[in-house]
Every structure is written in C-alpha cells, then in structure tokens.
Amino acid sequence: MPTETLEFQVEARQLLQLMIHSVYSNKDVFLRELVSNASDALDKLRLEKLRDDSLDADVSDLHIELDIDKDARTLTVRDNGIGMSYDEVGQLIGTIANSGTAQFLQELREAKDAAGAEGLIGQFGVGFYSGFMVADEVTLVTRRAGESRGTRWTSRGEDTYTLEPVDDAPQGTSVTLHLKPADPENQLHDYTSPWKIREIVKRYSDFITWPIRMLPDQGEGDESREPETLNSMKALWARSRDEVSDDEYHELYKHIGHDWRDPLETIRLQAEGTFEFQALLFLPAHAPHDLFTRDFRRGVQLYVRRVFIMDDCEALLPPYLRFVKGVVDAADLSLNVSREILQQDRHIEMMRRRLTKKVLSTVKDMMAKDRDRYATFWREFGTVLKEGLVTDPENRDAVLAVASFASTHDDTEPTTLKAYVERMKDGQEDIYYLTGESRQSIENSPHMEAFRDRGIEVLLLTDAVDEVWADAVGEYEGKKLRSVAKGQIDLGTKDDDASEGEREKQTEDYAGLLGWMREQLDEDIKEVRLSSRLTVSPACVVSDANDLTPALENMYRAMGQEVPRAKRILELNPDHQLVKGLNQAYKEREDRTELTETAELLHGLAVLAEGGQPKDPARFVKLMADRLQRAL
Ligand code: ADP
C-alpha cells in the first residue's frame, strides 16, 4: 500500500491551528497529555489480555519510555500498549469525535481576548494535538497488539497528514516530536533537557501506575543506555493525607477528569473492615458541556488492589452524582469483574451507599464552611443533584439539606428550605413555589400577585426537574410544598372582618356568569371560580391540586408517554373592571354572542400570562384585532 495523504477534518484543522499558534502559556502540559494517552493504552492492553489470553501480545514489561535526541532535536514518547490499527489512526487522530471539543472551538472563536482564550483552553484536554504547541512536525508509529503490520502517521499540523503501512513496527505507539527551534531567550522550555523532562514528569505524571522511563541522550555516548524511572507510581489514594500535596491530588484529577483546571474539592475515603476499599473523589469546578447528554462518560475509575479495571464505572455512584470524578480501589474483587456483575454485586452496592453519603456530606460541609465554594458547586451541579430528590428516596433529606433555590426573598442569593421556613410569616403553613421558563416570566405571572401583595416568599424554580421533584418530595419538615399555580389558595384577606360577608355577596353576584362561562369554555376548562390570587390581572388559569401541570404534561410527552390533557380551572378577579363589566353585561343582555368571545379572550389572556399559548393562536389574534379596531 502506498503512502496516503489525507485531509484533516475541519474541526481538527482548527484545533491544530490553535495549538500551533497557541496562546496557552504553559506548554509543558503537552507531555502530560502524551503520557496520559500512553498510560491509557497500557491499561487497555492489560485488560484485553486479561479477557482474552490468546491475544498475541507481550505484557511482561508494560511501560512508557521517553527518548531525547538533542542533535536531532526530537523527543519520543513510546509505549508498548494496545496501539492502533491503520483505520484507527485515521479515525482517532485525524478527526475530532468529541462533541465537547467542537463546542469548545466555537466558544474559543467567540472569546474576545487572549486571557479568555487561555481560560477556555484550560477547560479542555486537547490531548494528542497539544504536541504541536512545541513541535513543528509529529510522527506517530503504531502497531495494534495482535496485528502484524504497523502504521506511520506524519503531519506538520497543516491541512494534511500522511498514512503509510510499516512492516517492522514494535507493539504499541511511539510519538516523535520534532521540536521547534530552540529559543535562546527561553532556556526554561528546552524539551531536550533531561532535567526539564524529569521535572515535568514529576510534577504532572508521578502517580501514573506504569513506569515512565527516560533513556539517556543518544549523543552522550553511553553504550548501555540504562533507563531511569522518573515516577514514583504511588497510588495517591493509598497514601495518607499528609504524605500527598494538594498539587499531586490535582494532577491526578486532571488525568482522570480530562480537565485542565483544578478541582473544586478533593474527597478521601478509607473504608476498613470486611469489605475494604479506598476512594479518592473530586468535585470539578465546572460542569462539562455534555452532562445532560445520553453518552456522557462518568469519571469514576475502578481499581482492584492498585490494578486499573475500568473507566466510567457507573455502578459506584448514582446517576445524579455522575459529575464526580476519581478513583475507587477495592481490595476484594476479582480482576475479571464485568460491568454486569458489578451492577448486582452486594459489596458494590454497599460501596455506592458509602460513597454517596460521603459526597453529600462533603457538600454539606462546604456549605457550612465556605459559602462561595458551595455557591459555585450549586451553580454548576445543582440541576443534576436535584434529580436525586426524585430517584434516591434514601438520601432525599441529605440532598434537600444541600439544595438551594432562587426565591422572591432575594434577587441574587438563592435560599435553602431551612432559611425559607425560618422566614415564614405567622400563620403561613406551606412552602410556596412556582415553576416556569425563567425567573422573569415567573415573577410576572398573575399567580404571584396576591403573594407579592402580602409579602409572602415564593421559590422560583426554572429547571425542568423542579416540576418533578417538588411533586415527589411533597413536604419539608412537616411543611407542604405547594405550587402557587395549583389548587385553591387561601392566604386570608387583608381586612379579615369585613371580608367574609362581602365574599359571600360576591359569590352570589357572580354565580350566573361563572356557570355560563364554564359552559362556553367547556373544552378546556372544568371550573370557573373567583380568585384570591389576583390583584392586578383579570384572570388566571390554575391546575387542580392533583393534576399534572402543562409543563409536566409536555415533559412526559417529550419522553414518549401518553398523557391526557387535563382540563384546568379559570379564576377571575372579581375586583377587576373587565370582570365586573362582563358580569354586568351578562346580566343585562339577551344576545350573548359577543360575550362568548370575551370569555374566550379572557381565557386566552390568562394562558398567555402564565407563559402558555392559546389553543388556536390565529383565532385569538383575530378576535383581539377586531376588538382593538372597535376601540379606536
Ligand atoms: P483523548 O485522549 O482525549 O481521547 P487524543 O486526541 O489525545 O484524545 O487521542 C485520541 C485517541 O487516540 C485516544 O482516545 C486513543 O484512542 C488514541 N490514542 C492516542 N494516543 C494513543 C496511544 N499512545 N496508544 C493508543 N491509542 C492512542
């Protein structure tokens, strides 16, 4: 097969350009990325061999090797791991499959200044391509374990790369960086210096569980070329707290989490007893872009007695903690354990419970000790954590205790339920909330009027999951959670004594209109009644206490479930001039054709005010335009 010259995919080309003209000041990290890839490749080979003993691969001395050639100005990172087939090289190295990276590029184009761009680069591990920060040409030679022929990939980071088969490639992958010319001004970044390489490996890759060896420079004339092992390979999770620096923890996090930034919090757990395990978990400082997509990869790795078993071990934490990264090392599991077995394993179940409680208690501590850090955490992950209120009844109270919500009490600071309850007015028995698209639309909703008038605090919930958990949880410390858009609301009237008699009179006065309107709107409305919610608007629609709200109906439909459309309740404001006038006209007129339209319009307005859509928008607009025209 001759040499093929292929074009990089568009995104890949953009990423390469970025690397070549990198604004990222810390170029040293390229080595961490290459070593990280090599380490993954060794893990994969060890596992594959464990599953399939017949695989024709040598696993006797798995390691990473760094080879400097000062004269040629090259640095080679070599591993004897899984390697890649010809097709894989094209797929994995020539394209960017990761959707997060595409989004990253988009944001990068929009970032205005270099500082912003640097911050963004810091968020994404850009892996292999980071070699182009320091090299003007990169050559990769690889052979997949079990295959006989290898592949050479070469690129100068421009539009194209070449691929060609090679007959005598060793198992695994070697990446040779042809380093950019030395900068006499900046000796600090001389990657042909063994001292420099030693320092970078120590700083970023010390915990890698495979030996990282450096060969003496070929130019030094040392015939034996005795390699030197640069990393300690110590499993950080197995060492005591005072032996490990924060920086070391952070580097491990970056390796596992594919994040270039420090984590928000480091969590250690050493479980003794019948089922021994050690865990080192991290809460990231930023939610990844794909947290809510189906193929989001979780970040907890499972080890058994220091041996890597699997990435993305979903059995170790519940889905609502899927953003947690880290390592769990169990003492008594089989090395052959599979995902299916893990899902049913009783010990794993116990570990999951311990780990879940530990994460939640860490968040609670954070809340008590460091409000800012907690606020960051909640801003990034609150939406995911709230899923736990629905899916994990066992820890519901613990999740509620660390949850906070936007509220009418404060424009910027969210509140906890505990603080809400402490602020409740005399005589207020329930915790009120309203769900909707945005804070603004909720605050302007007619349902809020009486609450605003009486200074009663309402939680403003804008996440899709809010509808569901509020229903599922039902109450907090004996106080019911009540939607202000559901059921009868009795807030007591402002001037209580006079009101009772007045209200009876009103009810009598409106009885005819209410019954008639219900008949007119029968298709959508099951009851028309007078409202105690409204002070300014003429009307609003509410749901029965036990009915699904329209938002929830839509959510179930989006998930493909059949739900009947529940009829709602129309509430009228008896103190509003429009409603008063309508009642008057109803009593006086024989021909009510026009009033039927008014009833329809009133209903449409109420639906619009809560952020909904009239059933037949075109008809609504026509009726409205007619009316406006007549009012000119
Ligand atoms: P990432 O590591 O974030 O997936 P990279 O661009 O660094 O992104 O690598 C892309 C893919 O190429 C890796 O996921 C892996 O499948 C493959 N790869 C990279 N380096 C090696 C290596 N040394 N050995 C085997 N496969 C590798």
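Bear in mind the structure is a predicted one, so any value in this text is a computation, not a measurement.

### Overview of the overall build of the protein
Scanning the protein from terminus to terminus reveals 21 helices and 23 strands. On the principal axes, the C-alpha backbone points of the protein span a range of 110 × 60 × 50 Å. Counting the 632 residues in the protein, one finds 50% classified as buried. At a minimum sequence separation of 6, the contacts of the protein that also span at least 24 residues come to 72%. On the protein, the mean spot of the 81 positive side-chain charges and the mean spot of the 119 negative ones are 3 Å from each other.

### Focus on the domain arrangement of the protein
Here the protein is described as being made up of domain 1 (4-229), domain 2 (236-378), domain 3 (404-483) and domain 4 (510-541 + 565-631). The C-alpha-based centres of domain 3 and domain 4 are spaced at 27 Å. With seven residues of domain 3 at the interface, the matching set in domain 4 holds 11 residues. When the two sides are added together, the surface that domain 3 and domain 4 hide from each other amounts to roughly 750 Å², 54% of it contributed by carbon and sulfur. Per-residue buried area on domain 3 facing domain 4 is highest for Pro446, His447 and Glu449; these three make up 70% of the total on that side. Seen at the junction of domain 3 and domain 4, the total is zero salt bridges. Taken together, the connections running from domain 3 to domain 4 amount to five residue pairs in polar contact (both at pLDDT 80 or more). Of the residues belonging to the side of domain 3 that touches domain 4, the class tally is two nonpolar, two polar and three charged.

### Some points on the site of the ligand
The immediate surroundings of the ligand are formed by Asn37, Ala41, Lys44, Asp79, Met84, Leu92, Ile93, Gly127, Phe128 and Thr173. Measuring from an oxygen atom of the ligand, one finds a side-chain N or O atom of Asn37 at 2.7 Å. Within the side chain of Asp79, an N or O atom sits 3.0 Å from a nitrogen atom of the ligand. Counting only elements with at least two residues in the shell around the ligand, the list comes to helix 2 (29-51) and helix 3 (86-94). Of the residues forming the shell around the ligand, the biggest block, three residues, is contributed by helix 2. Across the shell around the ligand, the residue classes break down as five nonpolar, three polar and two charged.

### Side note on the nonpolar core
Phe277, Phe323 and Phe377 are the most contacted members of the largest nonpolar core, which has 76 residues in total. Here this core takes eight residues from helix 9 (residues 346-369), the largest share from any one element. If sequence neighbours within four positions are ignored, Phe377 has contacts with Leu264, Leu283, Phe323, Val363, Met366, Gly382 and Leu385. Counting residues in each nonpolar core, the second largest holds 71 residues, with Leu62, Ile82, Ile93 and Ile200 among its members.

### Some details on the pattern of salt bridges
Evaluation of the coordinates by the stated rule reveals 53 salt bridges. Here Arg379 makes a salt bridge to Glu380, at a shortest N to O gap of 3.3 Å. On the basis of relative accessibility, which here comes to 57%, the residue Arg379 falls in the exposed class. For Arg482, the salt bridge identified is with Asp430, shortest N-O distance 3.4 Å. With a gap of 52 residues between them, Arg482 in strand 20 (residues 479-483) and Asp430 in the loop between helix 13 (417-423) and strand 17 (431-435) connect regions that are remote in the sequence.

### So, empty space enclosed by the protein
Across all of its chains, the model carries five cavities of 30 Å³ or more by this definition. Around the largest cavity, the lining residues are Ser39, Asp43, Phe207, Ile208, Thr209, Trp237, Leu252, His255, Gln301 and Tyr303. At the level of elements, helix 2, helix 7 (246-257) and strand 12 (299-304) are the ones that each hand at least two residues to the lining of the largest cavity. Classifying every residue of the lining of the largest cavity gives five nonpolar, four polar and one charged. Counting residues domain by domain, the lining of the largest cavity receives three or more from each of domain 1 (4-229) and domain 2 (236-378).

### Quick word on the packing of helix 9 against helix 10 (residues 371-385)
Orientation of helix 9 relative to helix 10, taken along the N-to-C sense of each, is 135°, at an axis distance of 6 Å. When the axes of helix 9 and helix 10 are compared, the pair comes out oblique. For the pair helix 9 and helix 10, contact is made by Val363, Met366, Met367 and Lys369 and by Arg371, Arg373, Tyr374 and Phe377, respectively. Residue composition of the contact of helix 9 with helix 10, grouped by class: five nonpolar, no polar and three charged.

### Focus: unusual backbone geometry
Even without being glycine, Asp312 reaches a positive phi, approximately 55°. For Asp312, a relative accessible area of 14% puts it in the buried group. The phi torsion at Glu477 lies on the positive side, around 45°, for a residue other than glycine.

### Points about the sheet that holds strand 12
Taken together, five strands build an open sheet; the order of strands is 10-11-14-12-13 and the sheet is mixed. For this open sheet the edge positions go to strand 10 (265-271) and strand 13 (307-310), each flanked by a neighbour on one side alone. Taking the axes of each pair of neighbouring strands and ignoring which way they run, one obtains an average angle of 20° across the sheet. Note: strand 10 against strand 11 (residues 277-283), seven bridges, orientation antiparallel. Among the inter-strand pairings, Ala271 is bridged to a residue of strand 11, identified as Phe277. Relative to the sheet, helix 9 contacts strand 10, strand 11 and strand 14 (325-330), its axis offset from that of strand 10 by approximately 140°.

About the criteria used
- Residues numbered from 1 in each chain as written.
- Predicted model: local features only at pLDDT ≥ 70, side-chain atom pairs only at ≥ 80, totals over all residues.
- Heavy atoms only, no water.
- Helix = DSSP H or I, 4+ residues; strand = E, 2+ residues; numbered from the N terminus.
- Buried < 20%, exposed > 50% of the residue type's maximum accessible area, 1.4 Å probe, protein only.
- Contact = heavy atoms within 4.5 Å.
- Lys, Arg positive; Asp, Glu negative; His and termini not counted.
- Charge placed at Lys NZ, Arg CZ, Asp CG, Glu CD.
- Domains from an automatic or database assignment.
- Buried area = accessible area lost by both parts, 1.4 Å probe.
- Salt bridge = Lys/Arg side-chain N within 4 Å of Asp/Glu carboxyl O.
- Polar contact = N/O pair within 3.5 Å; in protein donor to acceptor, adjacent residues only side chain to side chain.
- Nonpolar A, V, L, I, M, F, W, Y, C, P; charged D, E, K, R; others polar.
- Near = heavy atom within 4 Å.
- Core = buried A, V, L, I, M, F, W, Y, C linked by side-chain atoms within 4.5 Å.
- 1 Å grid on protein atoms, 1.4 Å probe; cavity = no way out; pocket = protein on both sides within 12 Å on 5 of 7 lines; lining within 4 Å.
- Points joined across faces, edges and corners; volume = space filled by probe spheres on them.
- Axes fitted to C-alpha atoms, helices over the stretch in contact; angles between N-to-C directions.
- Parallel < 35°, antiparallel > 145°, perpendicular 65-115°, else oblique.
- Pairing = 2+ DSSP bridges.

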